[in-house]
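Letter by letter, the chains look like this.
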Amino acid sequence: MTKTWNQLFIRYGWLVVELADGTFDFAQETDENRMFLQNSLKSVGVDHTFLGDRLMIFGPAVEEDLFIEAINFRRRGVGEGLAYRNSRIADLDIYVAGVVRQLNRLGFKTITSCDGHGMRRSLVVAQRLTEKDEAILSIVGFDRVRPSHRNGELKLECRERNTLLDVAERLAILDSDLLKKGPAHIQETFFQHRLEHLLEIPGDSGNESEVRVYVMEELSPLVDHLTVDHAGNILAERTYRNGNGPTILLNAHLDTVEPIEPGRNILKDGPIWSSSRGILGADDRAGVAILLELANILHQTSCFSGKVKFIFTVQEECGLLGAREVSDHFLWGTDAAFVVDRRGTDDIVTSCGGTIPFCDPAYGNFLESLASGGGLDGWKTVQGGSSDTRIWASHGIQSVNLSVGYRDEHTEEESLDVNACYSTVQLLKTILQSGRQLRQIIRQINRSNILREAL
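Residues numbered from 1 in each chain as written. Predicted model: local features only at pLDDT ≥ 70, side-chain atom pairs only at ≥ 80, totals over all residues. Heavy atoms only, no water.

**Details of the environment of Leu222**
For step 1, the next point in the chain: The residue Leu222 is located in the loop between helix H10 (209-219) and strand S9 (225-228) in this model.
For step 2, the next point in the chain: Between the C-alpha atoms of Leu222 and Val124, which are 98 residues apart in sequence, the distance is 22 Å.
For step 3, the next point in the chain: In this structure Leu222 touches Arg238, Tyr240, Ala295, Asn296 and His299, once residues within four positions along its chain are discounted. (Helix = DSSP H or I, 4+ residues; strand = E, 2+ residues; numbered from the N terminus. Contact = heavy atoms within 4.5 Å.)

Structure representation (structure tokens):
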């Protein structure tokens, strides 16, 4: 997706606050860095002006490749090891500048850095501030965070230098207060930030291309295989650890029932979000955010052994059209499916209206007990309506649909409880951590079904 001006500035090293569309506060920046930006913008013909600390840009953001070309020059990055002392962006490799500037803003004094120049791993060495730092920096997107041989230093590595640009954006979300609250609170903050962004992307039924591109960009570095089928569904999968475990399907739908109103605002009353006009779009962007969060958690930790298949369907609101087109081959071998597209909180939907079962009753009971045992009280099995869950169940897969916190969907009164939404992340994480038990209960159900058919 095309990046905004604000994203470009942050990704490539400028400390900036967006005041309004096209207007930015550069009070934190040095005169030298402002001049570097001004000359770079001029070189690609961007109409702009600086008024004191404020930059005003008159026109849409340029493509990222063009912006890189504008800020690049021969021998860019020479002297980067000393860059923390004077904060000169031009002293840093292009892809690492944003990370270095944000780390120093947060108090992590960087010692040296290199973006790898597309030939080797990117590396930043920074001084540790507290014992929590290793855990905090692990969740912002570095592929590897490890202590240096020098006491009090951390080595921060990325396999691909493009990853550094996304890390810079995540670091820009943080401040000293968030750092004090620790990794768990920071992880939830990142989740809410992604959720809010998803609620801003248009994509009603049949017009999901923009949100599909965003999801694929986010998911691509986190999975082994990623494709779009003939219907427009995103299909992805990854094997975790040695793959010895269950095969889990995670599903949400990309489309909203109607277009998101351009220019609307997301209203926040504590954890309850709503829209200033039109639908909010939490049905089912909340589910999409949950699955992307889980993909990140699985990438960062070793809490699960087995295979996870991700399906982001299109045109669910038109009668489950996308789900109906998913190939049998992709679904083959799936042990259990979890759909995240249920209104309210703490519901585990196990049937459509009590007449079309999605799973064996023993499976629903197992999930209830798993939630309770994980300290997530209140989750209970209920009857529900139609959803993509119905399609996966028709393939003989033990399937449920989980609440994601929205209410009054398909209306202007739609709202979302973001705390309840994140609770669904926690439930699914607990389920994945219990993969061995999950596999055992499914085997028991399958054996019982075979015996029943034999009789």
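**Some remarks on the pairing of strand S3 (residues 48-51)**
For step 1, the next point in the chain: Only one face of S3 is buried, namely the one carrying His48 and Phe50, since none of Thr49 and Leu51 on the opposite face is buried.
For step 2, the next point in the chain: Note: S3 against strand S4 (residues 54-57), 4 bridges, orientation antiparallel. If you follow Leu51 over to S4, its bridge partner there is Arg54.
For step 3, the next point in the chain: Where S3 folds back onto S4 in an antiparallel hairpin, the turn is made up of 2 residues, including Gly52, whose phi is positive at roughly 65 degrees. (Buried < 20%, exposed > 50% of the residue type's maximum accessible area, 1.4 Å probe, protein only. Pairing = 2+ DSSP bridges.)

**With respect to the sheet that holds strand S5 (residues 110-114)**
For step 1, the next point in the chain: Judged by pairing direction, the sheet is antiparallel, and its 4 strands sit side by side in the order S5-S6-S8-S7 without closing on themselves. Each edge of the sheet is formed by a strand with only one pairing partner; in this case those strands are S5 and strand S7 (144-147). Going from strand to strand, the sheet's axes swing by 15 degrees on average, the running direction of each strand aside.
For step 2, the next point in the chain: Of the strand pairs in this sheet, strand S6 (residues 122-127) and strand S8 (residues 153-158) are connected by 6 bridges, and their pairing is antiparallel. Residue pairing across strands places Ser122 opposite Cys158, the latter belonging to S8.
For step 3, the next point in the chain: Here helix H5 (residues 97-105) sits on the sheet and contacts S5, S6 and S8; the angle it forms with S5, its principal contact strand, is near 165 degrees. (Axes fitted to C-alpha atoms, helices over the stretch in contact; angles between N-to-C directions.)

**Quick look at unusual backbone geometry**
One can expect most non-glycine residues to show negative phi and most peptide bonds to be in trans.
For step 1, the next point in the chain: Between Asp283 and Asp284 the backbone carries a cis peptide bond, its omega angle lying at 10 degrees.
For step 2, the next point in the chain: With respect to the helices and strands, the residue Asp284 is situated in helix H11 (residues 282-300).
For step 3, the next point in the chain: In this model, His117 sits at a positive phi of 55 degrees, which is unusual for a non-glycine residue.
For step 4, the next point in the chain: Here His117 falls in the partly exposed class, since its relative accessible area comes to 37%.
For step 5, the next point in the chain: Here His410, not a glycine, exhibits a phi torsion of approximately 70 degrees, which is positive.
For step 6, the next point in the chain: In this fold, His410 is placed in the loop between strand S20 (406-407) and strand S21 (415-417).

**A word on the packing of helix H9 (residues 183-198) against H10**
For step 1, the next point in the chain: Packing of H9 against H10 leaves a shortest axis separation of 11 Å and a crossing angle of 155 degrees. Taken together, H9 and H10 sit at an angle that is classed as roughly antiparallel. From H9, Arg194, His197 and Leu198 reach across to H10, where they touch Val211, Tyr214 and Glu218.
For step 2, the next point in the chain: Residues of the contact of H9 with H10, tallied by class, amount to 3 nonpolar, 1 polar and 2 charged. (Parallel < 35°, antiparallel > 145°, perpendicular 65-115°, else oblique. Nonpolar A, V, L, I, M, F, W, Y, C, P; charged D, E, K, R; others polar.)

**Digging into the side chain of Arg238**
For step 1, the next point in the chain: Here Arg238 is to be found in strand S10 (residues 234-240).
For step 2, the next point in the chain: This buried residue, Arg238, is left without a salt bridge; Asp224 holds the nearest opposite charge, at 4.3 Å.
For step 3, the next point in the chain: Residues contacting Arg238, with those up to four places away along its chain left out, are Leu222, Val223, Asp224, His299, Gly306, Lys307 and Val308. (Lys, Arg positive; Asp, Glu negative; His and termini not counted. Salt bridge = Lys/Arg side-chain N within 4 Å of Asp/Glu carboxyl O.)

**Digging into the packing of H11 against helix H16 (residues 418-433)**
For step 1, the next point in the chain: Interaxial distance between H11 and H16 falls to 10 Å at its minimum, and their mutual angle equals 40 degrees. By the criterion of interaxial angle, the relationship of H11 to H16 is oblique. Considering only the axes of H11 and H16, their crossing is right-handed. Residues Ala286, Ile290, Glu293, Leu294, Ile297 and Leu298 of H11 pack against Cys421, Tyr422, Thr424, Val425, Leu428, Lys429 and Leu432 of H16.
For step 2, the next point in the chain: Its residues assigned to classes, the contact of H11 with H16 shows 10 nonpolar, 1 polar and 2 charged. (Left-handed = near helix turned anticlockwise from the far one by under 90°.)

**Digging into the packing of aromatic side chains**
For step 1, the next point in the chain: This model, assessed by the stated rule, comprises 13 aromatic pairs.
For step 2, the next point in the chain: When the ring of Phe9 is compared with that of Phe24, the centres are 5.2 Å apart and the planes differ by 85 degrees; the resulting orientation is edge-to-face. Taken as a pair, Phe9 in helix H1 (residues 5-11) and Phe24 in strand S2 (residues 23-25) lie far apart in primary sequence, 15 residues in all.
For step 3, the next point in the chain: A relative accessible area of 1% places Phe24 in the buried class.
For step 4, the next point in the chain: Ring centres of Phe26 and Phe50 lie 5.4 Å apart, and the angle between their planes is 80 degrees; this geometry places the pair in the edge-to-face category. Of the two residues, Phe26 is situated in the loop between S2 and helix H2 (31-43) and Phe50 in strand S3; the sequence distance between them amounts to 24 residues. (Phe/Tyr/Trp six-rings, centres within 6.5 Å; stacked < 30°, edge-to-face > 60°.)

**Observations concerning H10**
For step 1, the next point in the chain: For H10, the full list of buried residues reads Val211, Arg212, Tyr214, Val215 and Leu219. Each buried residue of H10 lies within a common arc of 160 degrees when the element is viewed along its axis, so the set occupies one face.
For step 2, the next point in the chain: Where H10 is buried, its residues touch H9, S9, S10, H11 and strand S14 (306-313). (Arc of directions from axis to C-beta.)

**Concerning the nonpolar core**
For step 1, the next point in the chain: Of all hydrophobic cores here, the largest spans 67 residues; its most connected members are Ile290, Phe310, Phe312, Phe338 and Tyr363.
For step 2, the next point in the chain: A total of 11 residues in this core trace back to one element, the largest contributor, which is H11.
For step 3, the next point in the chain: The residues touching Tyr363, leaving out its near neighbours within four places in the chain, are Ala336, Phe338, Gln398, Ser399, Val400, Leu438, Ile441, Ile442 and Ile445.
For step 4, the next point in the chain: Core analysis: the next-biggest nonpolar cluster, separate from the first, contains 53 residues, Trp5, Ile71, Ala90 and Phe108 among them. (Core = buried A, V, L, I, M, F, W, Y, C linked by side-chain atoms within 4.5 Å.)

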